[in-house]
Amino acid sequence: MREIQVAELTAGVRELFLKANYEIGPDVEEAVCRACREEKSPVGRDVLCQIRENYRIAREERVAICQDTGMAVLFMDIGQDVHFTGGDFEAAVNEGVRQAYAEGYLRKSVVQDPLFDRINTRDNTPAVIHTRIVPGDRVHILVTAKGFGSENMSAVKMLVAADGEQGVLDFIVDTVRKAGPNPCPPVVVGVGIGGTMEQAALMAKKMTARPLDTWNKDPRYRALEEKALAAINRLGIGPAGIGGNTTALKVNIDFAPTHIAGMPVAVNMCCHAARHGEMTL
Amino acid sequence: MAEYRITLPLTDADVEKLRAGDSVLLSGEMLTGRDAAHKRLIALLDEGRELPVEIRGQTIYYVGPAPASPGHAVGSAGPTTSYRMDAYTPRLIEMGLKGMIGKGMRNEQVRRAMQQYGAVYFGAVGGAAALIAKSIRESRVLAYPDLGTEAIHLFRVEDFPVIVLMDAHGGNLYEQGPREFGEE
């Protein structure tokens, strides 16, 4: 049994969201630099240059990469031998989010009631917290500051076995095509295949935060990631949606066992400000 | 695809000459507004009441800026996705709104109103929010302070970089650009 003070969670979460909002990950920056070299459209290259310059300004001046500093999403893998002490787990996580967004001059974008009042909670809480119990005595925290320009362009579809690989590919590419310029391309496309409806969506979200220099370990799914990326980049949408051959930086796919009758597929779109970070306590 | 420097407010001549794809550096004053502020403006119009800001001749930037940190006039301030304002926009264009700055598609009703009454839809690069903030020299709240970031601000900008996405003549860069580079 290992005891962890919830204050450590608060401090860790605070640090992760500050860093994610100011400093783009090296994997994303490298992908944008590569796109800058390979983009055929001159205007598209200008847009990519602006995106790189924006990363630099945000990092050096410690200001938000994007004004939409996102809804705070956390994936927390908690060792079963961990015992949290000193307070309430969820309150501690939300306190970390609150501190980051208040002290870091990050925008507060959360409303309490989605339909009727839509009153801003003024501290960007509550966060969306996904926990999983795993073996061991460590806590792994993966966070993403998820902007909604891209979130709004996401989709879930309940495919069936007969739809096959082509059905999955078509759904991914169609979702990006329909999104057009709205999600701030070049995008990162997170895909979840299998499980149940909500499990597919959860995998897709997590895939938006998987480093862009990693691929699915199953060669068939890796091939699908590459095939989908190539098809998306033939759409011509381009950087900022004004034409070019860089519409997506990466397609990240995860899969899970599913029911004999189904094949759920979720596509979670993420903009080029793909802000994520992780740490282990 | 021409390049222009334009001082706001936009004139009818500006609106007339701009074409989709033109690069423009805007200077002067503009309003900000997002879904919540638009909703309130339209509600006032429905009740036949006066608006808290003058719309005629104005340019509205669809943005909800991040809070300003010390030494900055405004926090990061890139465009938000414009289609969420589509339901409200034709009414404002009818009242004399001349310019909009955002990102993403507009619907048929907005495009038709732009052509009928003369208005331009500019795009700023979504996500380039720290870079864009550098051209915003002053920001103050004009209306709806209770909306926080969604309040209507007055921005004074210098050489604010935009591209004409849709012009008053039916030109649409979101159709022209991808058509040129698409391989389907």
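None of the values given here were measured: they were computed from a predicted structure. (Residues numbered from 1 in each chain as written. Chains lettered and ligands numbered in written order. Predicted model: local features only at pLDDT ≥ 70, side-chain atom pairs only at ≥ 80, totals over all residues.)

Examining the overall build of chain A
Note the threshold: Numbering of helices and strands starts at the N terminus; helices are DSSP runs of H or I of at least 4 residues and strands are runs of E of at least 2. Throughout, radius of gyration means the C-alpha value; the globule benchmark is 2.2 Å times the number of residues raised to the power 0.38. Once C-beta atoms have been placed from the backbone, residue pairs whose C-beta atoms lie within 7 Å are recorded as contacts.
The secondary structure content of chain A amounts to eight helices and ten strands. Relative to a compact globule of 281 residues, whose C-alpha radius of gyration would be 19 Å, chain A shows 19 Å and is just as compact. Seen along its three principal axes, the alpha-carbon backbone of chain A occupies a region of about 55 × 50 × 40 Å. Within chain A, counting contacts between residues at least 6 apart in sequence, those at least 24 apart form 80% of the total.

Regarding unusual backbone geometry
All names here are of chain A. Each neighbour pair has its own omega, and for threonine 125 with proline 126 the value is 0 degrees, a cis peptide bond. Structurally, proline 126 is set in the loop between helix 4 (89–103) and strand 4 (128–134). Proline 186 follows proline 185 through a cis peptide bond whose omega is 5 degrees. Here the phi dihedral of tyrosine 105 falls at roughly 55 degrees; this positive angle occurs in a residue that is not glycine.

Re the environment of A:Glu3
Residues and elements named next belong to chain A. Formally: Residue burial is a threshold on neighbouring C-beta atoms within 10 Å of the residue's own C-beta, all placed from the backbone, with 20 or more meaning buried, 12 or fewer meaning exposed, and counts in between meaning partly exposed.
Checked against the element boundaries, glutamate 3 lands in strand 1 (residues 2–5). Classification of glutamate 3 by C-beta neighbours within 10 Å gives exposed; the count is 10. When residues no more than four places from it in sequence are discounted, the contact partners of glutamate 3 are His83 and Thr85.

A short note on the confidence of the model for chain B
Selection criterion: One confidence number per residue, pLDDT, is output by the predictor and ranges from 0 to 100.
When pLDDT is averaged along chain B, the result is 96; 99% of the residues meet or exceed 70. If you check the scores for this complex, the pTM reads 0.94 and the ipTM reads 0.92.

Some details on the interface of chain A and chain B
Stated precisely, the cut-off is as follows: Nonpolar residues are Ala, Val, Leu, Ile, Met, Phe, Trp, Tyr, Cys and Pro. Charged residues are Asp, Glu, Lys and Arg, and all others, Gly as well, are polar.
At the interface, 42 residues of chain A touch 39 residues of chain B. Looking at the side of chain A that touches chain B element by element, the count peaks at eight residues for helix 3 (residues 42–61) of chain A. Tallied by class, residues from the side of chain A that touches chain B come to 18 nonpolar, 17 polar and seven charged.

Focus on the environment of B:Ser23
All names here are of chain B. If you trace the backbone, serine 23 turns up in strand 2 (residues 23–32). Residue classification places serine 23 among the partly exposed residues on the basis of 15 C-beta atoms within 10 Å. With 36 residues separating them in the primary sequence, serine 23 and threonine 59 have C-alpha atoms 16 Å apart. If we ignore the near neighbours within four places in the chain, the residues touching serine 23 are Glu3 and Ile163.

What about the domain arrangement of chain A?
All names here are of chain A. Note the following rule: Bear in mind that the domain bounds are from an automatic or database domain assignment.
When cut into domains, chain A gives domain 1 (2–20 + 65–146) and domain 2 (149–272). Computed from C-alpha atoms alone, the centre-to-centre distance between domain 1 and domain 2 is 26 Å. Each partner contributes residues to the interface: domain 1 has seven residues there, and domain 2 has seven residues. Secondary-structure elements contributing two or more residues to the side of domain 1 that touches domain 2 are strand 2 (71–79) and strand 5 (139–146). Here the element with the most residues in the side of domain 1 that touches domain 2 is strand 5; it accounts for three residues. Among the residues forming the side of domain 1 that touches domain 2, the class breakdown is three nonpolar, two polar and two charged.

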